[in-house]
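Tertiary structure, described
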Amino acid sequence: MEFSTKAVAPGHGAADCCVVGVFTEKKLSAPAAALDKLSGSRISRVIARGDIDGRPGTTLLLHDVANLACARVLLVGLGDKNSFSEKAFRRAIAASVEALCRTGTANAAIHLTELATGRRDAEWRLMQAARIAGETVYRFSRMKSTPPSPAPLLRSITFSVSKPELKQAAQGLARGRALASGINFARDLGNLPGNVCTPAFLAEEARKLAREHRLKLKVLERADMEKLGMNTLLSVAAGSSQPPKLIVLEYMAGPKSQKPVVLVGKGVTFDTGGISLKPAAEMDEMKFDMSGAGSVLGTLKALAEMKLQVNVVGLVPATENMPGGRATKPGDIVTSMSGQTVEILNTDAEGRLILCDTLTYAERYQPAAVIDIATLTGACVIALGHVLSGLFANDDALAQEVLKAGDISGDRAWHLPLHEEYQEQLHSNFADFANIGGRPAGAVTAACFLSRFTKKYKWAHLDVAGTAWKSGKEKGSTGRPVPMLTEFLLRRAAKRR
Ligand code: BES
Ligand code: MN
Ligand code: ZN
């Protein structure tokens, strides 16, 4: 799909469909009013009949409207005029592109990006528009023997802006395109089944990314992990015949003196629970348990395509969690790379075990900040559902910065507690502490576990168990939190906190 931005008046130009917005109470947006005028009030007459009422997400396709250069007009609902929100803006772009894909339109002109949306400038609007359009046209069909028909005919979208905004808009468009590419890459990795997307496959994808964009790549093998004493990571891999990998990707496009932000992504390519085996229902969804890893690789892809001048290191511990003759057993005690001993009371709490050694490994970068991303706990899904990711941090300013990035990108998180009192739940009679803290506040005790390995730097933890994929009829990876992480790094690059 081709995206471009232009200062073009609605109803002119070469598009074969013109997309304009309608607010509730039959109020036309400025581009819709312009079309209405050109066409001798045809559009307001259609609206008066009541076929579209302006509710967000609704659309109505018109053909052969008089006096217009475009063969079609797509009306799209924008909601209430006085509170036209960022959410309604995104929703309108998504609804437009979805509707366009169901028509014979090849080249569309979308006249929504010139509308003012609260606090946001043209760069934001175009970045969001290109991103949402890129996400909306995404299809995952590579595991189907024949592609689902019919393929949409839509080839290009032009987003219109006012002339003075063109330069900002072009920058936003380029960034949005790169962001969509990173998001959709993360979605591909998530959607691929566990028999394809193995730890070795993730390492190979990282290698392709490194080659394409000149990132530095290192893949630590089992023997390297043994030398480093990464025994909690190795304890998870013990039951699997797939060798574990620790992927180290360095994107150092920023100033030499600038300490990197380290992103750590949970890469459990399939989580059976291990000896603490999960029940059968919906176990297939545990192929998404590498979504944190996917989001790290996707974010690096987006940054590299933007050529953003920042220093970022991506660390991805990748392994399966399987039962087997050599698998770790409940009650086993292992010594982590940090030297702390862990009693593994439940082998299904494996995410924290692969993250903790990786978080210790992160120390060598003297990071400006470390953010880990993990589909860590079912408890987080119970707490926040599928709307917000869980955020924990050992530094309040960092937490605020992450929340802000979530707010701007619309990929939001909620700050959850990490108070000392919860740490007691990790008590072990035999080792320094246990890997589980019981049923109460399960997302918090998982974060507490990680916090014991992140004392040497500023750290934030994102539990994306509820947000990284959708279940049910729409089952599939969402690519979250790539938008939030990318926005975080964009703001760091611009030194905006
Ligand atoms: N990958 C799961 C978390 C998960 C569960 C994500 C359901 C999305 C949906 C994780 O490894 C896990 O199994 N966590 C356990 C921890 C428990 C044993 C303390 C959980 O949440 O049940
Ligand atoms: Mn598990
Ligand atoms: Zn897991």
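It should be emphasised that the depicted structure is a prediction, and the values quoted were computed from it without experimental measurement. (Residues numbered from 1 in each chain as written. Chains lettered and ligands numbered in written order. Predicted model: local features only at pLDDT ≥ 70, side-chain atom pairs only at ≥ 80, totals over all residues. Heavy atoms only, no water.)

**Looking at the coordination of the zinc ion (ligand 3)**
Six octahedral donors around a metal ideally subtend angles of 90 or 180 degrees, whereas four tetrahedral donors ideally subtend 109.5 degrees. Operational definition: Listed donor atoms are N, O and S within 2.8 Å of the metal (Na, K and Ca: 3.2 Å). As water is not included, a site may look incomplete. Angular criteria define each label, namely tetrahedral for four donors with all angles between 85 and 135 degrees, square planar for four and octahedral for six donors with opposite donors over 155 degrees apart and remaining angles between 65 and 115, and irregular for whatever fails these tests. Secondary structure counts use DSSP, requiring at least four H or I residues in a row for a helix and at least two E residues in a row for a strand, with both numbered from the N terminus. Throughout this description, buried means an accessible area under 20% of the type-specific maximum (1.4 Å probe, protein chains only), exposed means over 50%, and partly exposed covers the range between.
The zinc ion (ligand 3) binds to the protein through Lys266 (NZ), Asp271 (OD), Asp289 (OD) and Glu350 (OE); the donor distances cover 2.0 to 2.4 Å. Around the zinc ion (ligand 3) sit six donor atoms; with metal-centred angles ranging over 78 to 175°, the donor geometry is octahedral. All donors of the zinc ion (ligand 3) belong to a single chain; written as a sequence motif, their spacing is K-x4-D-x17-D-x60-E. For the pair the zinc ion (ligand 3) and the manganese ion (ligand 2), the metal-to-metal distance amounts to 3.2 Å, and Asp271 bridges them. With a gap of 84 residues between them, Lys266 in the loop between β10 (261-265) and β11 (267-271) and Glu350 in the loop between β14 (341-344) and α10 (351-361) connect regions that are remote in the sequence. Note on Glu350: relative accessible area 1%, which makes it buried.

**Regarding the pairing of β10**
Heads up, the rule is: Only strands that DSSP links by at least two bridges are regarded as paired with each other.
The element β10 is extensively covered by neighbouring structure, given that five of its five residues are classed as buried. Every second residue of β10 is oriented toward a common face, with Val261, Leu263 and Gly265 on one face and Val262 and Val264 on the other, all of them buried. As paired elements, β10 and strand β15 (residues 369-374) share five bridges and run parallel to each other. The residue bridging Leu263 from the neighbouring strand is Ile371, located in β15.

**With respect to the coordination of the manganese ion (ligand 2)**
Surrounding the manganese ion (ligand 2) are the protein donor atoms Asp271 (OD), Asp348 (O), Asp348 (OD) and Glu350 (OE), at 2.1 to 2.2 Å. Classification of the site at the manganese ion (ligand 2) as irregular follows from its six donor atoms and the range of 70 to 168° in their angles at the metal. All donors to the manganese ion (ligand 2) come from one chain, and their sequence spacing reads D-x76-D-x1-E. Of the residues examined, Asp271 reaches a relative accessible area of 3% and is grouped as buried.

**Regarding the domain arrangement of the chain**
Definition in use: What counts as a domain boundary in this text is fixed by an automatic or database domain assignment. Each of two parts loses accessible area, computed with a 1.4 Å probe, when they are put together; buried area is these two losses added. Should a side-chain nitrogen of Lys or Arg be within 4 Å of a carboxyl oxygen of Asp or Glu, the pair is scored as a salt bridge. Two N or O atoms count as a polar contact when they lie within 3.5 Å, although within protein this holds only if one can serve as hydrogen donor and the other as acceptor, and sequence-adjacent residues are included solely when both atoms are side-chain atoms. In this classification, Asp, Glu, Lys and Arg are treated as charged, Ala, Val, Leu, Ile, Met, Phe, Trp, Tyr, Cys and Pro as nonpolar, and every other residue, Gly included, as polar.
Segmenting the chain into domains produces domain 1 (2-161) and domain 2 (181-495). Each of domain 1 and domain 2 was reduced to a C-alpha centroid, and the two centroids are 37 Å apart. Overall, the association of domain 1 and domain 2 removes approximately 1200 Å² of surface from exposure, summing both partners, and the carbon and sulfur fraction of that is 52%. At the junction of domain 1 with domain 2, the criterion picks out one salt bridge. Note that Asp188 and Arg142 form a salt bridge whose closest N and O atoms lie 3.5 Å from each other. For the pair domain 1 and domain 2, the number of links is nine residue pairs in polar contact (both at pLDDT 80 or more). For the side of domain 1 that touches domain 2, the secondary-structure elements that each account for two or more residues are α3 (86-101) and α4 (122-136). Of the residues assigned to the side of domain 1 that touches domain 2, the class counts are five nonpolar, two polar and seven charged.

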